[in-house]
Amino acid sequence: MIPLEQIDAAIKGQPSYRKAQIYRALFTNTCSSWREATDLPADLRAQLTQSAPLAIDSRFFESEDERSIKALTRLADGNYTETVLMRAGSRNTVCVSTQVGCAMGCVFCASGQNGFTRNLTFEEIVGQVLLFARKLKAEDRVVTNVVFMGIGEPLLNYDNLIAAIRFMNRKDTLDLGVRRFSISTSGISRGIKKLAVEDSLAVNLAISLHSAINEKRAKLMPVDQRTRTGLLAANLKEYFAKTKRKIMIEYVLLEMNTGREDALALRDFINEMGAAYVVNLIPLNENDGSNHKSPDRRDLYDFKELLTELKINHVQRHSFGTDIAAACGQLAGRTDASPARTRNAR
Ligand code: SF4
């Protein structure tokens, strides 16, 4: 989505300051057409227009409350990806996808229901953030945070993920500090270990736990049955020891994981992990194919009371963009993913 290689080819033999001018046009001024890059000579703009077009083929859907915008983007090979902008006060967070489809098959998530197609490239990952940087620029706002919580398991596309973060962290691109990035993983052990020792990359890490009881977790996240919660707790302990970043524990609220034994198992997991943490309680978003149910109000109240009693640090997350199928677990990369209540925000 960002034609970096084509740009490099086009400026071969040009003065050395040319690249800085182009990066300023792309990332500071967020130009979406070379015509806007008036610093550049006209012949170079014409050449770049031909060889390195900046247009990103996206449709936007805005939620009724205007706090979320989902982008459905057609990639060069005809596949689609989805990206969501969430606005809360001065924070503008872009939720980015890292794969086309997902192999993990979590039962409560629409993203994995059609299986895995391919990894997104580094340029396709950065392009999703740039897309919303352009949109926000029109409102005199900027992207403040990036979360890798869209379609796909980020740690299974490790090299492109890390390359994208390092690129967006650069002063001459989007200049986003490492603490502005959060990676959400279903618990890829080797990926967490690798991430813990990345040089100067103490990003926030979220773990999709959903149950601290091995048998229940294996039912919810069937592909990764080998990752026992004991191993996960050890990986997270190591990540915290190396980075000092608070671990976010993602916990989707279901009828089957909000009983007393679930709260006790969660407490034991947290004790074993021995790290600063917060448990994010996520309301289930019903999607086609999921036969899981949310707990009823009374059970949910009891579960939260028990968490408080057990001194488990928890917050109930607001669900963004439910009406545009943009909330957690709803992204599917479908071209028909524009439910009736949405309006096209383009
Ligand atoms: S929750 Fe994440 S890891 Fe699981 S299927 Fe959905 S996108 Fe994949």
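Our structure's up above, just so we're on the same page.
For every chain, the first residue of the written sequence is number 1, and numbering continues from 1 along that sequence. Confidence filtering applies because this is a predicted model: local features only for residues at pLDDT of at least 70, side-chain atom pairs given and counted only at 80 or more, and all residues used for totals across whole chains, interfaces and linings. Note that water and hydrogens are dropped before the side-chain values are worked out from all heavy atoms of the structure.

1. Description of the overall build of the protein
For the record, the criterion: Secondary structure counts use DSSP, requiring at least four H or I residues in a row for a helix and at least two E residues in a row for a strand, with both numbered from the N terminus. Pairs of residues are marked as contacts when any of their non-hydrogen atoms sit within 4.5 Å. Every accessible area reported is derived by Shrake-Rupley at a probe size of 1.4 Å, with residue values counting cover from the shown protein chains alone.
Counting its secondary structure elements, the protein contains ten helices and 13 strands. Considering only contacts in the protein between residues 6 or more positions apart, those separated by 24 or more positions represent 68%. Carbon and sulfur atoms provide 48% of the accessible area of the protein, an area that totals close to 15,500 Å².

2. Here we look at the packing of helix 4 (residues 122-137) against helix 5 (residues 158-169)
Each pair of packed helices gets described by two things: the angle between the helix axes and the distance between those axes. The following threshold applies: Here the axes come from fitting lines to C-alpha atoms, over the contacting stretch only for helices, and the angles between their N-to-C directions go from 0 to 180 degrees. Here is the rule for angles: anything less than 35 degrees is roughly parallel, anything more than 145 is roughly antiparallel, 65 through 115 is roughly perpendicular, and the remaining ranges are oblique. Less than a right angle of anticlockwise turn of the near helix away from the far helix marks a crossing as left-handed, whereas a clockwise turn marks it as right-handed. Residue polarity follows a fixed list, in which Ala, Val, Leu, Ile, Met, Phe, Trp, Tyr, Cys and Pro are nonpolar, Asp, Glu, Lys and Arg are charged, and the others, Gly among them, are polar.
Axis separation between helix 4 and helix 5 bottoms out at 8 Å; the angle between their running directions is 45 degrees. Taken together, helix 4 and helix 5 sit at an angle that is classed as oblique. Every pair of crossing elements has a handedness; the one defined by helix 4 and helix 5 is right-handed. Residues Phe122, Ile125, Val126 and Val129 of helix 4 form the contact with helix 5, whose participating residues are Asn160, Leu161, Ala163, Ala164, Phe167 and Met168. Looking at the contact of helix 4 with helix 5, its residues break down into nine nonpolar, one polar and no charged.

3. Things to note about the environment of Phe181
How we decide: Only protein chains enter the accessibility calculation, which uses a 1.4 Å probe; a residue whose area is less than 20% of its type maximum is buried, one above 50% is exposed, and one in between is partly exposed.
In this structure, Phe181 sits in strand 8 (residues 181-185). Judged by its relative accessible area of 0%, Phe181 is buried. Taking the C-alpha atoms as reference, Phe181 lies 7.6 Å from Ile165; in sequence the two are 16 residues apart. Setting aside anything within four residues of it in sequence, one finds Phe181 in contact with Val146, Phe148, Ile165, Met168, Asn169, Leu176, Val203 and Asn204.

4. Remarks on the environment of Ala25
When you line up the elements, Ala25 lands in helix 2 (residues 17-28). Looking at Ala25, the relative accessible area reads 7%, which means it is buried. Those residues in contact with Ala25 that sit more than four places away from it in its chain are Thr30, Cys31 and Ala37.

5. Some points on the pattern of salt bridges
Where we set the bar: For this document, the term salt bridge refers to a Lys or Arg side-chain nitrogen within 4 Å of an Asp or Glu carboxyl oxygen.
All chains considered together, the criterion is met by 17 salt bridges. Here Arg166 makes a salt bridge to Glu198, at a shortest N to O gap of 2.9 Å. You can see Arg166 sitting in helix 5 and its partner Glu198 sitting in the loop between helix 6 (189-196) and strand 9 (204-208), a full 32 residues away along the chain. The partly exposed category is assigned to Glu198, whose relative accessible area is 22%. Between Glu250 and Arg317 there is a salt bridge, with its nearest N and O atoms 2.6 Å apart.

6. Regarding the site of the ligand
Where we set the bar: Whether a residue is near a molecule or strand depends on its heavy atoms: it is near if one of them lies within 4 Å of it.
Within the structure, the ligand sits among Cys102, Met104, Gly105, Cys106, Cys109, Ser111, Gly150, Gly152 and Ser186. When the residues that make up the shell around the ligand are grouped by side-chain class, the tally is four nonpolar, five polar and no charged.

7. Digging into the nonpolar core
We count it as follows: Among buried residues, the Ala, Val, Leu, Ile, Met, Phe, Trp, Tyr and Cys ones that are joined through side-chain atoms within 4.5 Å form a nonpolar core. Note that domain bounds follow an automatic or database assignment of domains.
Judged by nonpolar contacts, the single largest core of 99 residues is most densely connected at Trp34, Phe148 and Ile249. Mapped onto the domain boundaries, this core takes at least three residues apiece from domain 1 (1-55) and domain 2 (57-344). Apart from residues no more than four positions distant in its own chain, Phe148 is found in contact with Val96, Thr98, Ile125, Pro154, Leu161, Ile165, Met168, Phe181, Ser182, Ile183 and Ser184.

All we've got here are geometric facts, nothing functional implied.
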